[in-house]
Amino acid sequence: MFVISAAVDQTDTSLSAEERLVEGLRHAGPSITITSFTNVIAFWLGATTSLDALSSFCLFAGVGVLMLYLSSLSIFSTFMLWDVRR
């Protein structure tokens, strides 16, 4: 969320709100995507361990990171657009 906010804040203020959000997501999207998916893969690989508690933690942490990624791109982006319009 901080990366998206900073990227949108650095866009040209003469653009429309939608264009600013698209430009900000275009700049921040690749880094957020790479970071989130490497974390998800690392946690899911950790879920293959023989320790039940650690396996459960890694599985749920991977799902949590994936859900945070999806909510950042959908829910937070919607609120960010409302804020930029304001």
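This one's a predicted model, so the numbers in the text were calculated from it and none came from an experiment. (Residues numbered from 1 in each chain as written. Predicted model: local features only at pLDDT ≥ 70, side-chain atom pairs only at ≥ 80, totals over all residues. Heavy atoms only, no water.)

*Asks:* Explain the pattern of salt bridges to me, using residue names and the numbers behind them.
*Replies:* For the structure shown, the criterion picks out 3 salt bridges. Across the pair Glu18 and Arg85 runs a salt bridge, and its minimum N-O distance is 2.5 Å. Of this pair, Glu18 sits in helix H2 (residues 17–46) while Arg85 sits in helix H3 (residues 52–85), placing them 67 residues apart in sequence. Residue class for Glu18 comes out partly exposed when judged on its relative accessible area of 38%. The closest approach of N and O atoms between Glu23 and Arg26, which form a salt bridge, is 3.3 Å. Here the residue Glu23 and the residue Arg26 both occupy positions in helix H2, the gap between them amounting to 3 residues, near one helical turn. Residue Arg26 is classed as exposed on the basis of its relative accessible area of 55%. (Salt bridge = Lys/Arg side-chain N within 4 Å of Asp/Glu carboxyl O. Helix = DSSP H or I, 4+ residues; strand = E, 2+ residues; numbered from the N terminus. Buried < 20%, exposed > 50% of the residue type's maximum accessible area, 1.4 Å probe, protein only.)

*Asks:* I'd like a description of the packing of aromatic side chains, backed by residues and values.
*Replies:* Under the counting rule described, the total for this entry stands at 3 aromatic pairs. Here the aromatic rings of Phe43 and Phe57 are separated by 6.2 Å at their centres, their planes lie at 85°, and the arrangement is edge-to-face. Taken together, the residues Phe43 in helix H2 and Phe57 in helix H3 connect sequence positions 14 residues apart. Residue classification places Phe43 among the partly exposed positions, given a relative accessible area of 26%. Exposure remark for Phe57: the relative accessible area of 51% places this residue in the exposed category. Both rings, one in Phe79 and one in Trp82, keep their centres 5.2 Å apart while their planes meet at 75°; by these two values the pair is edge-to-face. Within this pair, Phe79 and its partner Trp82 are both found in helix H3, separated by 3 residues, close to a single helical turn. (Phe/Tyr/Trp six-rings, centres within 6.5 Å; stacked < 30°, edge-to-face > 60°.)

*Asks:* Break down the environment of Val22 for me, with residues and values.
*Replies:* Within the secondary structure, Val22 is located in helix H2. The exposure class of Val22 is partly exposed, given its relative accessible area of 43%. Separated by 26 residues in sequence, Val22 and Thr48 have C-alpha atoms that sit 38 Å apart.

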